Amino acid sequence: MRSPINPLDLFLHDAAHRFGSRDVAHWVLSGERLSYDELAQKVRACATGLSRLGVGTGTHVAVMLPSCPAGTITWFALARLGAVLIPLNPSYVSSELAFALSNADAEALIIDASLSHHLQSDDVRALNLPLIIPHGEKTASHTNWHDLLMHGEDTAPQPMQDNGLFSIQYTSGTTGRPKGCMLTQAYWDHFRAAARAEFGAHEIRSTLIWSPFFYMDAQWQLLLSMHSGATAHIVEKMSLSKLPEWLDQFQVNYFSFPEPFIQSLSEAETYDWPLKFVNTFAWRSHNIEKLRRLFGPIGRDAFGMTEVGGVAASPTDLDVSRRAGSCGTPLDGCQIRIVDADGNEVPAGQLGELLVITPKMLLGYYNNPTVTGESFAGQWFRTGDLASIDQDGFLYIKGRLKEMIKRSGENIAAREVEAAILRHPAVQEAAVVGVPDPLRKEEVKAFIILNEGSNATEDLAKSIAAHCDNYLAAFKRPRYIEFTADFPRTATRKVAKHQLAELPPVKGQKAWDQNDWVTKSTTTS
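Cut-offs applied
Residues numbered from 1 in each chain as written. Predicted model: local features only at pLDDT ≥ 70, side-chain atom pairs only at ≥ 80, totals over all residues. Heavy atoms only, no water. Salt bridge = Lys/Arg side-chain N within 4 Å of Asp/Glu carboxyl O. Helix = DSSP H or I, 4+ residues; strand = E, 2+ residues; numbered from the N terminus. Buried < 20%, exposed > 50% of the residue type's maximum accessible area, 1.4 Å probe, protein only. Axes fitted to C-alpha atoms, helices over the stretch in contact; angles between N-to-C directions. Parallel < 35°, antiparallel > 145°, perpendicular 65-115°, else oblique. Left-handed = near helix turned anticlockwise from the far one by under 90°. Contact = heavy atoms within 4.5 Å. Nonpolar A, V, L, I, M, F, W, Y, C, P; charged D, E, K, R; others polar. Core = buried A, V, L, I, M, F, W, Y, C linked by side-chain atoms within 4.5 Å. Phe/Tyr/Trp six-rings, centres within 6.5 Å; stacked < 30°, edge-to-face > 60°. Lys NZ or Arg CZ within 6 Å of the ring centre and 35° of its normal. Pairing = 2+ DSSP bridges. Expected span 1.5 Å × (residues − 1).

**Student:** Help me understand the pattern of salt bridges in this model?
**Tutor:** Pairing is possible between side chains of opposite charge, provided their charged atoms come close. A full pass over the atoms with the stated rule returns 25 salt bridges. Salt-bridge contacts for Arg-284 lead to Glu-259; the nearest nitrogen and oxygen are separated by 3.3 Å. Remark: Glu-259 occurs in helix 9 (residues 259–264) and Arg-284 occurs in the loop between strand 12 (277–279) and helix 10 (285–295); sequence separation between them is 25 residues. Relative accessible area serves as the criterion here: at 15%, Arg-284 is assigned to the buried category. Look at the salt bridges and you will find they share partners, linking Arg-407, Asp-437, Arg-440, Glu-443, Arg-479 and Asp-513 into a network.

Printed below as a string of structure tokens:
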């Protein structure tokens, strides 16, 4: 028998009972605010309105909204109804939207009025969605989202599906079409327990969330914030230049610290921000040390995936001189192992594929049984990450298996080459890919974004190449160096390396082949 007790609905109403009139969220650019009590009240009203339209246990509802109060209210309302949420990126083009709606078997779409042009596209019209609910400007043909809140709050929590499915969260799709991760309410509720490990004894009263809410980071960060009774200041559009003002104005205690921001701060200045804890995902060691000099040991690296949630985290006082590049040890209830191509566990320090088991993993990829089967080795989820574990159990992520470059029979981890390039003071970001070569099968090519004030010259390219000589064996060094203003990126700002690898070869003012330098040198001598 299915239970009407939904973990996320219980969590919300427990938080409303404990924190009442305290602000749960503040949308920075619009100025809108909701208290814990108001959020719970509007969630009950939204659930009632949706229920009157036939949304209930197992109904697949796609949501295409910017970061706004309606998105958060809808998130919890669908959980209360035992429905299935499909959060979608507002920047999708119509064909991408149509793919996700079709792949996820969407029965309803809640969409911002600013995106209503999608509804006229042939791809979306062909789906004949039974229910469309616009948010914002009202139309005569559809029930508006705001009208959902006008029918009282009398709908009780509805039972979940037997498997507990709550959301179909689409991954970035760096190598092809996005895949829909099937996640349960228990998966999301697990982040409530993670708040204890994340924040420890710190009293967190103000958080800043700048990730978009179609992406999992914003969702779990809000749950952590709510668990602590904090106010989440939600930035609808991130701006590094405005970040100091926000940190000061809102007296932020916790946020995910963008690495480029620490590079912009001067150690000659004092920053009066009451930061108690920040995430420093995949930061370089020298920036972690700078953070500590400015604010103390408040940074914590970690590793996780949409599919499995949090896996490992480092202590804030990690010895970066000994553990440089480590994302820590497994979180409670998580297991990790490193295996070779045949599935055999490898010794400490040896590279292989990272396999994990976490307490609340994905149920599988929606409508994709083939990929689901390929992604598991028994109970173990195959992350596709190249990694190693040292003798003390610390995890090091070295790259992606599919990003492995094979040059003249030698395996080269793109992330290792990127890490070497990033040590150069003129480099802000680097992406390394393999490109076809008739002699060696693949060659190493580095695309580089320079720091502000650095000029994309041949001399600088030669300086970066010489710099790599100090950190990489000869076969790992990039043959091609190309400067670029930005990389092609996925919806969640990950580098779309498959697109970089497909770019045509360029030579000229901002791209060079080291072999040409060798040829010129030989000719000159």
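**Student:** Honestly, the packing of helix 2 (residues 36–52) against helix 3 (residues 69–80) in this entry has me stumped. Any pointers?
**Tutor:** The packing of two helices is summarised by the inter-axis angle and the distance between the axes. At a minimum axis distance of 8 Å, the contact between helix 2 and helix 3 shows a crossing angle of 60°. Considered as vectors, helix 2 and helix 3 are oriented oblique to each other. When the axes of helix 2 and helix 3 are compared, the crossing they make is right-handed. Residues Leu-39, Lys-42, Val-43, Arg-44, Cys-46, Ala-47 and Leu-50 of helix 2 form the contact with helix 3, whose participating residues are Thr-72, Ile-73, Thr-74, Phe-76, Ala-77, Leu-78 and Arg-80. Grouping the constituent residues of the contact of helix 2 with helix 3 by class yields nine nonpolar, two polar and three charged.

**Student:** Honestly, the nonpolar core in this entry has me stumped. Any pointers?
**Tutor:** Nonpolar side chains in soluble globular proteins tend to end up buried together. Membership of the largest hydrophobic core comes to 79 residues, with the highest contact counts inside it found for Leu-50, Trp-188 and Leu-395. By size, the runner-up hydrophobic cluster in this structure holds 27 residues, among which are Val-252, Ile-262, Leu-291 and Leu-294.

**Student:** Please clarify how the packing of aromatic side chains should be interpreted in this entry.
**Tutor:** How two aromatic rings sit relative to each other is set out by the distance from centre to centre and by the angle between their planes. For the structure on display, the rule yields 19 aromatic pairs. Seen from their ring centres, Phe-376 and Phe-381 are 5.4 Å apart, and the 75° between their planes marks the pair as edge-to-face. Phe-376 sits in the partly exposed class, given a relative accessible area of 22%. Three or more aromatic residues joined by ring pairs form one cluster here, namely Trp-75, Phe-76, Phe-166, Tyr-187, Trp-188, Phe-191 and Trp-220. Between the NZ or CZ atom of Lys-179 and the centre of the ring of Tyr-365, over which it lies, the distance is 5.4 Å. The ring of Trp-380 has Arg-337 sitting right over it, with the charged end atom 5.2 Å from the ring centre.

**Student:** In this structure, what is going on with the side chain of Ser-211? I would like to understand it.
**Tutor:** Summarising the element assignment, Ser-211 is placed in the loop between strand 9 (206–209) and helix 7 (216–227). Residue contacts for Ser-211: discarding those within four places in its chain leaves Ser-67, Asp-217 and Ala-218.

**Student:** Looking at this model, I keep getting lost on the pairing of strand 23 (residues 410–413). Mind explaining?
**Tutor:** Consecutive side chains along a regular strand alternate between the two faces of the sheet. Bridging between strand 22 (residues 404–407) and strand 23 involves four bridges; their strand directions are antiparallel. What sits directly across from Met-404, in strand 23, is Ala-413. The antiparallel hairpin formed by strand 22 and strand 23 contains two residues in its connecting segment, where Ser-408 sits at a positive phi of about 50°.

**Student:** How do you make sense of helix 7 when you look at a structure like this?
**Tutor:** Between its first and last C-alpha, helix 7 extends 17 Å over 12 residues, near the 16 Å set by a 1.5 Å rise per residue. A large share of helix 7 lies buried, amounting to 12 of its 12 residues. Looking at helix 7, one finds that the buried residues are Met-216, Asp-217, Ala-218, Gln-219, Trp-220, Gln-221, Leu-222, Leu-223, Leu-224, Ser-225, Met-226 and His-227. Phi for Gly-229, located one or two positions after helix 7, is positive at around 75°.

**Student:** I would appreciate a short explanation of the sheet that holds strand 2 (residues 33–35) in the present structure.
**Tutor:** Neighbouring strands of a sheet are bound in pairs by backbone hydrogen bonds; such pairs are parallel or else antiparallel. In spatial order, the strands read 2-1-10-9-11-12-13; together these seven strands make up an open sheet with mixed pairing. The strands lining the two open edges of the sheet, one partner per strand, are strand 2 and strand 13 (299–300). As paired strands, strand 9 and strand 11 (residues 254–256) are joined by two bridges and run parallel to one another. Paired with Leu-208 across the two strands is Phe-255, which belongs to strand 11.

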